[in-house]
There are 2 protein chains.
Amino acid sequence: MKIIDNPYELRKELKNKEVGFVPTMGALHEGHLSLIKKARNENKIVVVSIFVNPTQFLEGEDLDKYPKRLEADVKICELAGVDYIFAPNIENMYNDSDEILIKAPKVRGYILEGHFRPGHFDGVLQIVLKLFNIVKPKKAYFGKKDAQQLSLIKQMVKNLFLDIEIIEGETIREKTGLALSSRNVYLSSEEKKRALSISKSLKLAAKLSLKEKNCNKLKKEMMKVLDIDKLQYIAFVDREFNYIHEIEEKNSIILIAGFVGNTRLIDNIYL
Amino acid sequence: MKIIDNPYELRKELKNKEVGFVPTMGALHEGHLSLIKKARNENKIVVVSIFVNPTQFLEGEDLDKYPKRLEADVKICELAGVDYIFAPNIENMYNDSDEILIKAPKVRGYILEGHFRPGHFDGVLQIVLKLFNIVKPKKAYFGKKDAQQLSLIKQMVKNLFLDIEIIEGETIREKTGLALSSRNVYLSSEEKKRALSISKSLKLAAKLSLKEKNCNKLKKEMMKVLDIDKLQYIAFVDREFNYIHEIEEKNSIILIAGFVGNTRLIDNIYL
């Protein structure tokens, strides 16, 4: 396994190779690992990028304290059979003080996560596009945990005619149901317990949705279960992130975002 | 020669081929032809796109009356040995009502042309990026006539890590000095005469700049020669489109934009 920080050097290494690519911000957990394993199964060459992208963090968010554990990450990648880790620094990725920017779609990029984190997806799409252009993967792997991000990246592939197949990975959970997240390390054990109410409410809604298709009614039942400090949204959308009022068979996603203590958590369930 | 309108069909055709690419809005003239010839000399496969891109026209500009002459363009390409014409329609290129957008750099994308045509370069970069992703050229050809566009496209290649070499073509002029432009057809013969004062003033400044390095003084001399109806700007920049006050040897561009009658013309000279 090679660790490379220079985009042009990586591009040279990967020239004419069929690459499976897993972009990450590091602090790898079983969720990332499941994507890496999938990539390992499906591609000759596997590249994992580790880059905490500043442009997708808003003022006052946790950019500075976002967990960094490069050594552990390298070990995890090595054990998983990764061929290249791309770990650039900020100057490698942002080479201009007056850059060309990517704007997320006006509606679907500025609702839900985009509403509570305005500009977040601009930064996500910008860095993912840069990474795609450097790595030129055949397949790229993203988790369903970040459902809106996944949807927007698929849209970017379509809108910009990228020749890349986007592969979705299932959300990985603790036995308790808590969705894995690098941000879970911020949670105290008491907070972690209450955080479980998020996945519980989603599971409940999924079960009820077999009979009850009305989203407002489902939302009310979810509210009864939820025990978090500040709910930002419970939302019902189709796979392309249009709001829905009635559950559509095999085309609906229920999403939650909110704070437990000072930690912002998101989760969702694909129906 | 094949004419293709479907992006995915074109991509299939070009798979694993070394392509030289000349993007145009059609109404081809000797300026385009010089780029096509250059591409023909330097590449196995030459692709010319013909697409009048709506997103780079502002409200009230000449989108509707922009000259369209596909038959003549096809003939010109055929004679020049072009392999593929890509002539998509709007729906081929814009497949979403809520698209991901490209924003030109805040400073260099919104001065000069970007000041008088705000948002123009957003549209230019958006369509060029889409075309690049479809055609995946090794080399792409742009004329120096659109100097700021050329500079921004080179910046996009750098910022977004595109693996494409941008080749510059010299501005082609009538014997009189008038820079070729698809918009010249709008000019009456009287207007055409006065339009010559643009290239004359540029040539004068180039000559004077051998001794006089002060841009303000050069500008004053240019103003004496210019005989157009509305001057929008005379500007002095370096090759990366930073404003300059003193001419820098082999790194300066003088630019002019203005109206002759109702026709907006631009021209420039690289020193």
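Residues numbered from 1 in each chain as written. Chains lettered and ligands numbered in written order. Predicted model: local features only at pLDDT ≥ 70, side-chain atom pairs only at ≥ 80, totals over all residues. Heavy atoms only, no water.

A.B. asks: Hey, could you run me through the domain arrangement of chain A in this one?
C.D. replies: By a widespread convention, an interface's size corresponds to the accessible area lost as its parts come together. All names here are of chain A. Each domain of chain A was delimited in the assignment, giving domain 1 (2–169) and domain 2 (182–270). Its C-alpha centre places domain 1 at a distance of 25 Å from the equivalent point of domain 2. With 22 residues of domain 1 in contact, the opposing surface of domain 2 contributes 19 residues. Between domain 1 and domain 2 lies a buried interface of about 1,900 Å² when both sides are counted; carbon and sulfur atoms form 55% of it. Between Arg183 and Asp62 there is a salt bridge, and its shortest N-O distance comes to 2.8 Å. The interface formed by domain 1 and domain 2 includes eight residue pairs in polar contact (both at pLDDT 80 or more). Of all the elements in the fold, those that place two or more residues in the side of domain 1 that touches domain 2 are helix H5 (113–116) and helix H7 (147–159). Counting residues per element, the side of domain 1 that touches domain 2 draws most heavily on H7, at four residues. For the side of domain 1 that touches domain 2, a count of residues per class yields nine nonpolar, five polar and eight charged. (Domains from an automatic or database assignment. Contact = heavy atoms within 4.5 Å. Buried area = accessible area lost by both parts, 1.4 Å probe. Salt bridge = Lys/Arg side-chain N within 4 Å of Asp/Glu carboxyl O. Polar contact = N/O pair within 3.5 Å; in protein donor to acceptor, adjacent residues only side chain to side chain. Helix = DSSP H or I, 4+ residues; strand = E, 2+ residues; numbered from the N terminus. Nonpolar A, V, L, I, M, F, W, Y, C, P; charged D, E, K, R; others polar.)

A.B. asks: Explain the nonpolar core to me, please; I cannot follow it from the model alone.
C.D. replies: Across soluble globular proteins, nonpolar side chains have a tendency to be buried as a group. Within the largest apolar cluster, 98 residues are counted, with the highest numbers of intra-cluster contacts made by A:Phe132 and B:Phe132. Non-local contacts of A:Phe132, meaning those with residues more than four positions away in its chain, are made with A:Phe21, A:Pro137, A:Ala140, A:Phe142, A:Ile153, A:Leu162, A:Ile164 and A:Ile166. Ranked by size, the runner-up nonpolar core spans 23 residues in total, among them B:Leu178, B:Leu187, B:Ala206 and B:Ile244. (Core = buried A, V, L, I, M, F, W, Y, C linked by side-chain atoms within 4.5 Å. Buried < 20%, exposed > 50% of the residue type's maximum accessible area, 1.4 Å probe, protein only.)

A.B. asks: Is there a simple way to think about the side chain of B:Gln232 in this case?
C.D. replies: When you line up the elements, B:Gln232 lands in strand E8 (residues 230–238). Not counting the four nearest positions on each side in its chain, B:Gln232 is found in contact with B:Phe116, B:Ala257, B:Gly258, B:Phe259 and B:Arg264.

A.B. asks: Explanation requested: the relation of the copies chain B and chain A in the structure shown.
C.D. replies: Note on the chain copies: they are related by a rotation about an axis and a translation along it. With an axial shift of 0.0 Å and an RMSD of 0.0 Å, the rotation relating chain B to chain A amounts to 180°. What the superposition gives is, in effect, a two-fold axis relating one chain to the other. Judged by C-alpha distance, B:Ile102 is the residue of chain B that lies nearest the rotation axis, at 2.4 Å. (Least-squares fit on C-alpha atoms with pLDDT ≥ 70 in both.)

A.B. asks: Teacher, can you tell me more about the packing of aromatic side chains here?
C.D. replies: Here the distance between the centres and the angle between the planes together describe a pair of aromatic rings. Residue and element names in this part refer to chain A. Here the structure, examined in full by the defined rule, presents 10 aromatic pairs over all chains. Ring geometry for Phe116 and Tyr233: centres 5.9 Å apart, planes at 25°, overall stacked. Here Tyr233 lies in strand E8 (residues 230–238) and Phe116 lies in helix H5, a separation of 117 residues in the sequence. In this structure Phe116 comes out as partly exposed when scored by relative accessible area, which is 31%. Residue classification places Tyr233 among the buried residues on the basis of a relative accessible area of 9%. Aromatic ring contacts, followed pair by pair, group Phe21, Phe132 and Phe142 into a single cluster. (Phe/Tyr/Trp six-rings, centres within 6.5 Å; stacked < 30°, edge-to-face > 60°.)

A.B. asks: What's the story with the interface of chain B and chain A in this structure? I'm lost.
C.D. replies: Taken residue by residue, the interface counts 32 residues in chain B and 32 residues in chain A. Summing both sides of the interface, chain B and chain A together bury roughly 3,100 Å²; the carbon and sulfur share of this comes to 53%. Per-residue buried area on chain B facing chain A is highest for B:Asp98, B:Ile100 and B:Phe161; these three make up 28% of the total on that side. In this assembly, chain B and chain A are joined by eight salt bridges. One salt bridge in this structure joins B:Asp98 and A:Arg108, with 3.5 Å as the shortest N-O distance.

A.B. asks: Sorry, what's going on with the pairing of E8(B) here?
C.D. replies: One face of the sheet, then the other: side chains in a regular strand alternate in exactly this way. All names here are of chain B. For E8, the buried fraction is high: seven of the nine residues fall into the buried class. Relative to strand E9 (residues 252–260), E8 runs antiparallel, the two being bridged by eight bridges. Note that in E9 the partner of Ile234 across the bridge is Ile256. (Pairing = 2+ DSSP bridges.)

A.B. asks: So what exactly am I meant to see when it comes to the sheet that holds strand E2 (residues 19–24) of chain B here?
C.D. replies: The strands making up a sheet associate through backbone hydrogen bonding, with each pair oriented either parallel or antiparallel. Residues and elements named next belong to chain B. In spatial order, the strands read E1-E4-E3-E2-E6-E7; together these six strands make up an open sheet with parallel pairing. In the strand order of this sheet, the two ends are held by strand E1 (2–4) and strand E7 (165–169), each with one partner. On average, adjacent strands in this sheet sit at an angle of 25° to one another, irrespective of strand direction. In terms of strand pairing, strand E6 (residues 139–143) meets E7 through five bridges, oriented parallel. When the sheet's bridge partners are listed, Phe142 is paired in E7 with Glu168. Along the sheet, helix H1 (residues 7–14) makes contact with E1, E2, strand E3 (45–50) and strand E4 (84–86), crossing E4 at roughly 155°. Relative to the sheet, helix H3 (residues 70–79) contacts E1, E3 and E4, its axis offset from that of E3 by approximately 165°. (Axes fitted to C-alpha atoms, helices over the stretch in contact; angles between N-to-C directions.)

A.B. asks: What's the story with unusual backbone geometry in this structure? I'm lost.
C.D. replies: Among all residues except glycine, the phi angle is most often negative; among peptide bonds, the trans geometry is most common. Its identity is not glycine, yet A:Leu112 carries a phi of approximately 50°, on the positive side. Tracing the sequence through the fold places A:Leu112 in the loop between strand E5 (101–103) and H5. With a phi angle near 60°, B:Phe161 is a residue other than glycine that sits in the positive phi range. Along the chain, the position of B:Phe161 falls in the loop between helix H7 (147–159) and E7. You can call B:Phe161 buried: its relative accessible area is 1%.

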